[in-house]
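# Summary of structural features
This is what each chain is made of:
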Amino acid sequence: MSSENKNLTTFITFFNVYKYKIMLFKLINESAFFQHYINDVLFKCLHKFCQTYLNDILIYSKILKKYRTHVKEVLNKLREVDLQINIDKCKFKIQKISFLELLIFINDLRMNFQKVNVIQSWKVSWSLTHIVMILVFAWFHSNQA
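Residues numbered from 1 in each chain as written. Predicted model: local features only at pLDDT ≥ 70, side-chain atom pairs only at ≥ 80, totals over all residues. Heavy atoms only, no water.

What follows covers the overall build of the protein. Secondary structure assignment for the protein yields five helices and seven strands. Secondary structure elements of the protein, listed N to C terminal, follow the sequence α-β-β-α-β-β-α-β-β-β-α-α. Every one of the 145 residues in the protein was classed for burial, and the buried ones make up 19%. Within the protein, contacts between residues separated by at least 24 positions form 32% of all contacts whose residues are at least 6 apart in sequence. Accessible area of the protein: about 12200 Å², with a carbon and sulfur share of 61%. (Helix = DSSP H or I, 4+ residues; strand = E, 2+ residues; numbered from the N terminus. Buried < 20%, exposed > 50% of the residue type's maximum accessible area, 1.4 Å probe, protein only. Contact = heavy atoms within 4.5 Å. Areas by Shrake-Rupley, 256 points an atom, 1.4 Å probe, with all protein chains shown as cover.)

If you want it as C-alpha cells, here you go:
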C-alpha cells in the first residue's frame, strides 16, 4: 500500500492513532477496488506486455531478453507500492497457460476443452430463459477470437 493511501486507513483509539500497512480484504467491493489498484500500479505495462486479473499478472514477450526486462519492470512497480508476490505460485518462461478460462499458447488462443465438454453435455431446453443464456454465452465466446 502506498504511503499516501495509508492515511485513508487511519483510526484513533483511546491509546493511540493507527494506520494499516497492508490492504484490508474485508473492504466492501474489495475485488473491484483491488483490480482498479493493480491496474493503476501497472498502468504503463498494461496491454503492452502485461495483463492483469485481480491477483493474476500475465507478462508476455516474443523475445526472451525483453521478457526478462518486462518481468523486472513489473516486479519493480509492485515493490514500489509494497506489494509482494508469492514466488511459489509464480511460473516463468512458460509456453502455454490457462488464463481467464482460456488456453493461451505462443501463437494461439483456445477455449478450455473441459469447458467445451460441459457445454456439449447440456440438455436441450426450449425455454426462453435457457435459449437467451445460450445465445449470450455463444456471443461472448465468438467475440473472444
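Here the narrative resumes, following the displayed structure.
In this structure the tally under the stated criterion is one aromatic pair. Plain terms: the ring middles of Phe34 and Tyr37 are 6.4 Å apart, the flat faces sit at 45 degrees to each other, and that makes the pair tilted. In this pair, Phe34 and Tyr37 both sit in helix α2 (residues 30–41), three residues apart, roughly one turn of the helix. Just as Phe34 is buried, Tyr37 falls in that class too. (Phe/Tyr/Trp six-rings, centres within 6.5 Å; stacked < 30°, edge-to-face > 60°.)

With 15 residues, the main nonpolar core has Val41, Leu42, Phe49, Cys50, Ile59, Val74 and Leu78 as its most contacted residues. Of all elements in the fold, only α2 and α3 (64–80) reach the threshold of two or more residues within this core. With near-sequence residues (within four places) excluded, Phe49 lies in contact with Leu58, Ile59, Tyr60, His70, Glu73 and Val74. (Core = buried A, V, L, I, M, F, W, Y, C linked by side-chain atoms within 4.5 Å.)

Bridge analysis of strand β5 (residues 96–99) against strand β6 (residues 102–105) gives four bridges, and the strand direction is antiparallel. Paired with Ile97 across the bridge in β6 is Ile104. As consecutive antiparallel partners, β5 and β6 are separated by two residues, and within that stretch Leu100 has a phi angle of approximately 55 degrees, a positive value. (Pairing = 2+ DSSP bridges.)

It is worth spelling out the side chain of Gln35 at this point. Within the fold, Gln35 resides in helix α2. Judged by relative accessible area, Gln35 falls into the buried class, the value being 15%. Among all residues touching Gln35, those that are not within four sequence positions of it are Thr52, Tyr53 and Leu54.

We now examine the environment of Ile38. Within the secondary structure, Ile38 is located in helix α2. Separated by 16 residues in the primary sequence, Ile38 and Leu54 place their C-alpha atoms 7.3 Å from one another. Apart from residues lying up to four places away in sequence, Ile38 is in contact with Thr52, Leu54, Ile57, Leu78 and Leu83.

Between its first and last C-alpha, α3 extends 24 Å over 17 residues, near the 24 Å set by a 1.5 Å rise per residue. The positive-phi residue at the C-terminal boundary of α3 is Asp82, with phi of around 65 degrees. (Expected span 1.5 Å × (residues − 1).)

What the three strands build is an open sheet, ordered β5-β6-β7; its pairing is antiparallel. Across the chains shown, the open sheet's two edge strands, defined by having one partner strand only, are β5 and β7 (109–111). Here the strands of the sheet are splayed against their neighbours by 25 degrees on average, with no regard to which way each runs. Bridging between β6 and β7 involves three bridges; their strand directions are antiparallel. Across the sheet, Leu103 pairs through a bridge with Arg110, a residue of β7. (Axes fitted to C-alpha atoms, helices over the stretch in contact; angles between N-to-C directions.)

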